[in-house]
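Spelled out, the chains give:
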Amino acid sequence: MKHYILLLVTLISIRGIAQNKYTIDVSQFNGTILLHNPDISHLITGHPAGVLVGFNQKRFGEKEWEKDFGYPDTGFTFIYQDMANGTLGTNTSLYAHYNFYFFKRKLQFRVGQGLAYNSNPYDKDTNFRNNAYGSHILSSTMLLLNYQKENLVGGLGFKTGLTLVHYSNANVKAPNTSTNTAAFNFGLVYDLNSSLQKEFIPKEKTIKITEPIRFNLALRSGVNESDVNGSGQYGFWIASAYADKRLGRKSAIQLGGDYFHSNFLKELIRFQSSSFPELNVDSNADFKRAGIFLGHELFVNKMSVLTQFGYYVYYPFDFEGRTYNRIGLKRYFGDSIFAAVTLKSHAAKAEAVEFGIGVRL
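One structure accompanies this document, and this report is about it. These numbers come from a predicted model, not from an experiment.

Another point: the overall build of the protein chain. When you go through the protein chain residue by residue, the secondary structure sums to three helices and 16 strands. Looking at the protein chain as a whole, 45% of its 361 residues are labelled buried. Looking at the protein chain alone, contacts between residues at least 24 apart form 60% of all its contacts between residues at least 6 apart. Of the accessible surface of the protein chain, which amounts to about 18700 Å², a share of 65% is contributed by carbon and sulfur atoms. Side chains of the protein chain carry 38 positive and 29 negative charges; the gap between the two charge centres is 8 Å.

Shown next, in the form of structure tokens:
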């Protein structure tokens, strides 16, 4: 019986591949770590190199969102990168990505978000010089801009361009100075079923989406740590309420507020008030904050990209300034329920990765 089930699964998989267009690309890259912060200057000693492997499914407009965004690819990217510095070690990462195309589909822009594993993070005894990565598990963002030519010889083609890879643990654990690698890449792309010919489904006249103002409630949580090494990881929670208004099929604007209950600030206030009297920190200062924000949401199928810019209206303790920003991904389940993973920061200074759930009323 197990053999019949395995045969059935194999046949279904083969049938799925036969009906869809898939490509695999393999690229080698070599570059440099950008000096975005002088604190990591001692870690830039060589030219990081690595390999990038992508698996892509071509989209032809079977769903409306595919037409709206110019028939992008969806897929996964694997990256192995030697940071060319023994203190930093190596990073192995996996991403979910979109490929967007321009200039008659010869210019490809890939954006991916995923997780990385660092082989040699900070350790106060054995690796105290690594102030970039405070943990093995890192968040990573990847951007590629490539010229790509497919099917030059059979299903084989090539691609070349620029790569930017960001690694950070978003202050889940200190230290977290992070790194950004800019690199040149060159590689090959192979069409797994080049004999299959499919045409893009033309975009018909778009039906305008009109919605009344909708109200949203969201609860976010996670753990983070201040920049003081060894100060400890603390849980936090954030309550958000906001209204949104759809501007069309692809986007909406938002206006709302946040309440922040960030326990790491309680420890930071205690530490600064007792250890640095010259800072004049009141040991009884409130660690809670509240802010208002203006946001935008870009809808891509059941996913959306969230961008918000906020200002603290209640700000009893000075931490990284009164403005903040949030960027991340939402996934809708039906018309009302959503989950989200977002990065809250102050300009380029990350504060926390937030895991949230919410409802759109």
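Further notes follow.
On to the nonpolar core. One finds Ile79, Leu88, Tyr133 and Tyr167 to be the most contacted residues of the largest nonpolar core, which totals 18 residues. Taken together, the elements giving at least two residues each to this core come down to strand 1 (22-33), strand 6 (137-153) and strand 7 (156-168). Here Leu88 is in contact with Ile33, Leu43, Met83, Asn118, Asn120, Asn130, Ala132, Tyr133 and Thr179, once residues within four sequence places are set aside. Formed by 14 residues, the second largest nonpolar core is a distinct cluster that contains Ala218, Ile238, Ala252 and Tyr312.

Two pairing modes exist for strands in a sheet, parallel and antiparallel, and in both the strands are linked by backbone hydrogen bonds. Read once around its circumference, the closed barrel built from eight strands follows the order 9-10-11-12-13-14-15-16, with strand pairing classed as antiparallel. Each strand of the sheet is rotated relative to its neighbour by a mean of 25°, with strand direction disregarded. In terms of strand pairing, strand 10 (residues 234-246) meets strand 11 (residues 251-262) through eleven bridges, oriented antiparallel. Within strand 11, the position partnered with Lys245 by the bridge is Ile253. Taken strand by strand, helix 3 (residues 263-275) contacts strand 9 (214-224), strand 10, strand 11, strand 12 (289-300) and strand 16 (349-360), and its axis lies near 45° from that of strand 11.

Taken as a whole and judged by the stated rule, the model has 21 salt bridges. Residue Lys58 pairs with Asp73 through a salt bridge whose shortest N-O separation is 3.5 Å. Of this pair, Lys58 sits in the loop between strand 2 (49-57) and helix 2 (64-68) while Asp73 sits in strand 3 (residues 73-82), and the two are 15 residues apart along the sequence. Grouping residues by exposure puts Lys58 and Asp73 together as buried. Salt-bridge contacts for Asp286 lead to Lys288; the nearest nitrogen and oxygen are separated by 2.9 Å.

Turning our attention to the environment of Phe317. Relative to the helices and strands, Phe317 resides in the loop between strand 13 (303-314) and strand 14 (323-333). Dropping the residues within four chain positions of it, Phe317 is found in contact with Leu265, Leu268, Ile269, Gln272, Val281 and Asp286.

Moving on: the sheet that holds strand 1. Spatially, eight strands are ordered 1-2-3-4-5-6-7-8 in a closed barrel, and the strand pairing comes out antiparallel. Across the sheet, the mean angle from the axis of one strand to that of its neighbour is 25°, orientation sign disregarded. Pairing analysis gives eleven bridges linking strand 1 to strand 8 (residues 179-191), with the strands arranged antiparallel. The residue of strand 8 that forms the bridge with Gln28 is Phe186.

Once that is clear, we can look at the side chain of Arg110. The topology assignment puts Arg110 in strand 5 (residues 107-118). Arg110 gets classed as buried once you look at its relative accessible area, which sits at 0%. Only 3.2 Å separates the side chain of Arg110 from the side chain of Thr77, close enough to count as a polar contact. Separated by 2.7 Å, the side chains of Arg110 and Asn99 make a polar contact. If near-sequence neighbours (up to four positions away) are discounted, Arg110 is found in contact with Asp25, Leu52, Gly54, Asn56, Thr77, His97, Tyr98, Asn99, Met142, Leu143, Leu144 and Lys159.

Cut-off values and rules
- Residues numbered from 1 in each chain as written.
- Predicted model: local features only at pLDDT ≥ 70, side-chain atom pairs only at ≥ 80, totals over all residues.
- Heavy atoms only, no water.
- Helix = DSSP H or I, 4+ residues; strand = E, 2+ residues; numbered from the N terminus.
- Buried < 20%, exposed > 50% of the residue type's maximum accessible area, 1.4 Å probe, protein only.
- Contact = heavy atoms within 4.5 Å.
- Areas by Shrake-Rupley, 256 points an atom, 1.4 Å probe, with all protein chains shown as cover.
- Lys, Arg positive; Asp, Glu negative; His and termini not counted.
- Charge placed at Lys NZ, Arg CZ, Asp CG, Glu CD.
- Core = buried A, V, L, I, M, F, W, Y, C linked by side-chain atoms within 4.5 Å.
- Pairing = 2+ DSSP bridges.
- Axes fitted to C-alpha atoms, helices over the stretch in contact; angles between N-to-C directions.
- Salt bridge = Lys/Arg side-chain N within 4 Å of Asp/Glu carboxyl O.
- Polar contact = N/O pair within 3.5 Å; in protein donor to acceptor, adjacent residues only side chain to side chain.

Keep in mind these numbers describe shape, not what the thing actually does.
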